[in-house]
Every structure is written in C-alpha cells, then in structure tokens.
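Geometric and topological summary
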Amino acid sequence: MDIGGIVETLIYIAPAMAANGAPVVGSRILYGPGHPIDMGLTLPDGRRLLGDGKTFEGFIFGMTIGVAAGLLLLALLDKPPITASILSSAGALAGDIIGSFIKRRMGLERGVQAPLLDQLDFYIGALATLWLAGYRFDPASIIIVALVILVLHVATNRLAYLLGLKSVPW
Ligand code: CTP
Ligand code: MG
C-alpha cells in the first residue's frame, strides 16, 4: 500500500515516536532501571550485547504507549490501522535495540552519544518493519520526517533541560 504525503507518513510514524520516547519516562517515574534484555551478556569483544539501557520493562512500556498513541490517532483521524501501530511501535523498539548493538560493537558505552544513529535508529526500524508489511512511503516524505525527528530531538532535549529533567541541554 503506497502511503503519500508528509502528514500521512507522520501519522504512521507517531506510534514509533511514542514507543521510542516512553521507556525514558517510564524508567524515571514508574519502574526504575529495569531488567536488561541481554541479561548481562558480554560478547568476546569485551562489550555488552546491548547494555543496561535496553530493558524488558522499556520494551513492554514502549509497546503499550506506542499502540495507545496509535489507537488515539485511529479514533481521531481514522488511521493508522491497528496492525500498522503495532508494527510501527515494535519496529521502533527493535531499531533502537539494533542501534545499541551497533554502538556496543563500535566500543561506545551505554549513553555515549552516536549522532544520527541515536536519533534515527527507531525511525529506520519502524520504516523497515512497516515496509516489510507492505506499508510504503514516498522518499521525499521519508526524508522530511527524518528532519522533523532531528529538530524535535533538539527541541525536546532543550525543554527537558529547562524543566530540570536533564543536566545538559543536548
Ligand atoms: N530504555 C529501556 N528499554 C528500552 C529502551 C530504552 O529501558 N528497550 C530506557 C533506558 O532507561 C535508557 C533510556 O530509555 O537509558 C534511553 O534510551 P536510549 O537513549 O536508547 O539508551 P541509552 O541509555 O542512551 O543507551 P544506548 O547507549 O544503548 O543507546
Ligand atoms: Mg541514548
């Protein structure tokens, strides 16, 4: 199914954004550090498989909030379909996990910044998962939504800094 336009793409990616953002908030206010998905496993390169930043709690909470966001949009705008919300959320969380896997293999400890990878891993995961299920977006919209995500990232970090939730404004 070809899905056209920036707004349409944003609607399908909104569950991914919610799923990606939820674990940070969840661990801070609901369940604490959580249980690592890699169960502490260290690979022969001496680095963790994923690290302590990827937890079961984060995955479950992310799925819950991502699908809830999708259902809210569905009620308000008649899209995205529930299947797409599930795929968008699951793809985002999987992409974020793959991002951490790549960072560990590059020798970057948990929380060390990897520009672009940190901000776009969830987006690539969501797009790839939706694509596999037949939800296709046009390239121009994909690029513009990527730029929107990068701008939103800078803006939300600044806001979190001003609100005292983060110690640095990036
Ligand atoms: N988080 C989680 N479970 C997930 C994803 C995220 O618990 N599946 C929580 C963790 O508390 C994590 C925070 O959300 O620290 C922010 O996620 P992210 O920035 O992706 O993790 P980092 O801690 O920066 O670790 P990494 O270097 O692996 O990206
Ligand atoms: Mg991070």
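Residues numbered from 1 in each chain as written. Chains lettered and ligands numbered in written order. Predicted model: local features only at pLDDT ≥ 70, side-chain atom pairs only at ≥ 80, totals over all residues. Heavy atoms only, no water.

1. Side note on unusual backbone geometry
Lysine 79 connects to proline 80 through a cis peptide bond whose omega is 5°. As for its position among the elements, proline 80 is in the loop between helix 2 (56-77) and helix 3 (82-105). Look at methionine 39: it is not a glycine, yet its phi comes out positive at around 50°. Its location among the elements puts methionine 39 in the loop between helix 1 (6-31) and helix 2. (Helix = DSSP H or I, 4+ residues; strand = E, 2+ residues; numbered from the N terminus.)

2. A short note on the packing of helix 3 against helix 4 (residues 117-132)
Closest axis-to-axis distance for the helix 3/helix 4 pair is 6 Å, and the angle between their directions is 135°. Considered as vectors, helix 3 and helix 4 are oriented oblique to each other. In the crossing of helix 3 with helix 4, the sense of the turn from one axis to the other is right-handed. Residues Ala84, Leu87, Ser88, Gly91, Ala92, Gly95, Asp96, Gly99, Ile102 and Lys103 of helix 3 pack against Leu117, Asp118, Asp121, Phe122, Gly125, Ala126, Thr129 and Leu130 of helix 4. In terms of residue class, the contact of helix 3 with helix 4 is built from eight nonpolar, six polar and four charged. (Axes fitted to C-alpha atoms, helices over the stretch in contact; angles between N-to-C directions. Parallel < 35°, antiparallel > 145°, perpendicular 65-115°, else oblique. Left-handed = near helix turned anticlockwise from the far one by under 90°. Contact = heavy atoms within 4.5 Å. Nonpolar A, V, L, I, M, F, W, Y, C, P; charged D, E, K, R; others polar.)

3. Notes on the packing of aromatic side chains
Counted according to the given criterion, the structure contains three aromatic pairs. With a centroid separation of 5.7 Å and 65° between ring planes, the pair formed by tyrosine 12 and phenylalanine 137 is classed as edge-to-face. On the criterion of sequence distance, the pair formed by tyrosine 12 in helix 1 and phenylalanine 137 in strand 2 (residues 136-137) is long-range, its members being 125 residues apart. Each of the two residues, tyrosine 12 as well as phenylalanine 137, counts as buried. Note on tyrosine 31 and phenylalanine 61: the rings are 5.9 Å apart at their centroids and 75° apart in plane angle, and the pair reads as edge-to-face. Highlighted residues: tyrosine 31 in helix 1 and phenylalanine 61 in helix 2, separated in sequence by 30 residues. Taken together through their ring pairs, the aromatic side chains of Tyr12, Tyr135 and Phe137 make up a single cluster. If you follow arginine 105 out to its NZ or CZ, it ends over the ring of phenylalanine 101, 5.0 Å from the centre. In this arrangement the basic side chain of arginine 136 is found over the ring face of tryptophan 131, its NZ or CZ atom lying 4.0 Å from the centre. (Phe/Tyr/Trp six-rings, centres within 6.5 Å; stacked < 30°, edge-to-face > 60°. Buried < 20%, exposed > 50% of the residue type's maximum accessible area, 1.4 Å probe, protein only. Lys NZ or Arg CZ within 6 Å of the ring centre and 35° of its normal.)

4. What about the side chain of asparagine 157?
As for its position among the elements, asparagine 157 is in helix 5 (residues 139-162). Aside from chain neighbours lying at most four places away, what touches asparagine 157 is Lys166, Pro169 and Trp170.

5. Observations regarding the site of ligand 1
Inspection of the region around ligand 1 gives 15 residues, with Lys54, Thr55, Ser100, Arg104 and Arg110 positioned closest. Contact between ligand 1 and serine 27: an oxygen atom at 3.4 Å from a side-chain N or O atom of the residue. Residue serine 100 places a side-chain N or O atom 2.6 Å away from an oxygen atom belonging to ligand 1. Here ligand 1 has 570 Å² of accessible area as a free molecule, and 83% of this is covered by the chains. (Near = heavy atom within 4 Å. Polar contact = N/O pair within 3.5 Å; in protein donor to acceptor, adjacent residues only side chain to side chain. Areas by Shrake-Rupley, 256 points an atom, 1.4 Å probe, with all protein chains shown as cover.)

6. Structural notes on a nonpolar patch on the surface
On the surface, Val24, Val25, Ile29 and Leu30 cluster together into a nonpolar patch covering about 410 Å² of accessible area. Of note, isoleucine 29 is situated in helix 1. Judged by its relative accessible area of 66%, isoleucine 29 is exposed. (Patch = residues over 30% accessible without salt bridge, like charges linked within 9 Å, V, L, I, M, F, W, Y side chains within 5 Å. Salt bridge = Lys/Arg side-chain N within 4 Å of Asp/Glu carboxyl O.)

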